[in-house]
Amino acid sequence: MKQTLHPLDGADDKVMEQLRAAAAAGKGHVERAPFDQMMEHTPDPAGVSYEPATVGGVGGIWCRPGTLRSNALILYVHGGAYIAGSARAFRHLAGQIAARAGIAAFVPDYRLAPEHRFPAAFDDAYAAYRGLIGGDARAIAIVGDSAGGGLALALLAAAGAEAEKSGALGPCAGVAMSPWTDLALTGPSMETRADEDPFLTKDALAAAAAHYLAGQDARAPFASPLYGDLGGLPPIQVHTGTAEILLDDSKRYAERAGSANVDIALHTWEGMPHVFPSSVGTLNAAGAALDLIGTFLRERIAA
């Protein structure tokens, strides 16, 4: 496992003070409309077009950069604790990555809890992946954030295992931003980073997990990839901040993957909150992280 600790940028430190003050009243609340409105504030990257589409029977949005480097594709799985989020709300964040990588990205609108329980979100994301490999793509990377980061990591394992058995196209790389890898909420940072995290609380995540799981095992690998078989995964890049309660979800997953001989790089950003790359244009670290993601994906596609 490769580990990189990125120091806190002085300008970002000042921005974080303002962010904490602004976010204090809503800490721990995840409501669909306000959440989507917040995520739509991610700047729209220049040269990216957006097109509604259906892939593998799942609706969503294509994010197409003006210049494509290859016939590779990205499956971008959005966050929202399994109870919120949409392809429209996350199209700009996916577009930021698509633009830097020079690769078109599809963002599926997977079904949300509590209306649709586990494994509905996983099944929809997997159906979209199967739809992508049914086209002419020669390489597919799976990228996600938060709950979508957990889904992306679970998909890497499931799609890789299926490819090994059937000869279908397996994912060439994975990227996870602040992934939720443990719905059992056993990471020490749930407590040790509680005061530093401006957005999330353990109680809020527990409620979301209960809505999604509906009494099913929180340690099921397709719900919590931390507990799955991590052998044979493609190269993975993970980004997390020290100011988030899900910090140990990234650290423990990376440690387990590294022990399974996975080529995994963990980037920990000092003082950064949950899914901080969405704040590109506001936090300097966000742009730096997105650049690393774009470079990683380009290199994996070239390989």
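Everything below is about the structure printed above this text.
Description of the structure in this document. (Residues numbered from 1 in each chain as written. Predicted model: local features only at pLDDT ≥ 70, side-chain atom pairs only at ≥ 80, totals over all residues. Heavy atoms only, no water.)

### Describing the overall build of the protein chain
The number of helices and strands found in the protein chain is 9 helices and 9 strands. Taking 303 residues into account, the globule formula puts the C-alpha radius of gyration at 19 Å, and the protein chain, at 17 Å, falls close to it. For the protein chain, the spread of C-alpha atoms along the principal axes amounts to about 50 × 45 × 35 Å. With 303 residues in all, the protein chain has 56% of them scored as buried. Once local pairs closer than 6 in sequence are excluded, the contacts in the protein chain between residues at least 24 apart make up 81%. For the protein chain, the accessible area works out to roughly 11900 Å², and carbon and sulfur atoms hold 50% of it. (Helix = DSSP H or I, 4+ residues; strand = E, 2+ residues; numbered from the N terminus. Rg over C-alpha atoms; globule rule 2.2 N^0.38 Å. Buried < 20%, exposed > 50% of the residue type's maximum accessible area, 1.4 Å probe, protein only. Contact = heavy atoms within 4.5 Å. Areas by Shrake-Rupley, 256 points an atom, 1.4 Å probe, with all protein chains shown as cover.)

### Details of the packing of aromatic side chains
Evaluated as defined, the whole model comprises 8 aromatic pairs. An angle of 80° between the planes, with centres 5.6 Å apart, marks the rings of F118 and Y212 as edge-to-face. Pair noted here: F118 is in the loop between β5 (104–108) and α4 (120–133) and Y212 is in helix α7 (residues 202–213), with a separation of 94 residues, a long-range link. Take F118 and Y212: they sit in the same class, and that class is buried. One residue, R64, lies across the ring of W62, its end atom 4.5 Å from the ring centre. Positioned above the aromatic ring of Y126 is the side chain of R130, whose terminal nitrogen or guanidinium carbon lies 3.9 Å from the ring centre. (Phe/Tyr/Trp six-rings, centres within 6.5 Å; stacked < 30°, edge-to-face > 60°. Lys NZ or Arg CZ within 6 Å of the ring centre and 35° of its normal.)

### Regarding the nonpolar core
Core analysis: the biggest nonpolar cluster contains 103 residues, and Y76, W180 and L297 have the highest contact counts within it. Residue contacts for L297: discarding those within four places in its chain leaves I74, I97, A101, I103, A141, V143 and V175. (Core = buried A, V, L, I, M, F, W, Y, C linked by side-chain atoms within 4.5 Å.)

### Some thoughts on the pairing of strand β3 (residues 58–65)
Burial analysis of β3 places 6 of its 8 residues in the buried class, which makes it a mostly covered element. Judged from the 8 bridges that link them, strand β2 (residues 48–55) and β3 form a sheet pairing that is antiparallel. Following the sheet pairing, T54 is matched in β3 by G59. Counted between consecutive antiparallel strands, the loop separating β2 from β3 contains 2 residues, among which G56 sits at a positive phi close to 60°. As paired strands, β3 and β5 are joined by 4 bridges and run antiparallel to one another. Paired with G60 across the bridge in β5 is P108. (Pairing = 2+ DSSP bridges.)

### Observations regarding the environment of A220
The topology assignment puts A220 in the loop between α7 and β8 (236–241). Spatially, the C-alpha atoms of A220 and P119 are 10.0 Å apart, while their sequence positions differ by 101 residues.

### Examining the side chain of D124
Within the element layout of this structure, D124 appears in helix α4. With near-sequence residues (within four places) excluded, D124 lies in contact with V58, Y110 and R111.

### Comments concerning empty space enclosed by the protein
The full count for this structure, using the stated rule, is 1 cavity of 30 Å³ or more. Counted as a void, the largest cavity has a volume near 40 Å³. Lining the largest cavity are Y126, Y129, R130, I133, A159, E162, A163, A168 and L169. When contributions to the lining of the largest cavity are tallied by element, the ones reaching two or more residues are α4 and α5 (147–166). It is α4 that contributes the most residues to the lining of the largest cavity, 4 residues altogether. Residues that form the lining of the largest cavity fall into these classes: 7 nonpolar, no polar and 2 charged. (1 Å grid on protein atoms, 1.4 Å probe; cavity = no way out; pocket = protein on both sides within 12 Å on 5 of 7 lines; lining within 4 Å. Points joined across faces, edges and corners; volume = space filled by probe spheres on them. Nonpolar A, V, L, I, M, F, W, Y, C, P; charged D, E, K, R; others polar.)

### Some details on the sheet that holds β8
By definition, the strands of a sheet pair up through backbone hydrogen bonds, in either a parallel or an antiparallel sense. Across the sheet, which stays open at both edges, the 9 strands sit in the order β1-β9-β8-β7-β6-β4-β5-β3-β2 with mixed pairing between neighbours. Each of the sheet's edge strands pairs with one partner strand only, and the pair in question is β1 (2–6) and β2. Neighbouring strand axes in the sheet, compared pairwise and without regard to direction, differ in orientation by 20° on average. Here strand β7 (residues 173–177) runs beside β8; their pairing, made up of 4 bridges, is parallel. Bridge pairing in β8 places V175 opposite Q237. The sheet strands contacting helix α3 (residues 87–101) are β2, β3, β4 (72–77), β5, β6 (139–145) and β7, and the helix crosses β3 at an angle near 35°. (Axes fitted to C-alpha atoms, helices over the stretch in contact; angles between N-to-C directions.)

### With respect to the pattern of salt bridges
Under the defined criterion, the tally for this structure stands at 13 salt bridges. Salt-bridge contacts for K2 lead to D263; the nearest nitrogen and oxygen are separated by 3.1 Å. Of the two residues, K2 is situated in strand β1 and D263 in the loop between α8 (247–259) and β9 (264–269); the sequence distance between them amounts to 261 residues. Here D263 falls in the partly exposed class, since its relative accessible area comes to 38%. Among the salt bridges present, the one from R111 reaches D124, with a minimum N-O distance of 2.9 Å. Here R111, found in the loop between β5 and α4, pairs with D124, found in helix α4; they are 13 residues apart in sequence, far enough to count as distant. (Salt bridge = Lys/Arg side-chain N within 4 Å of Asp/Glu carboxyl O.)

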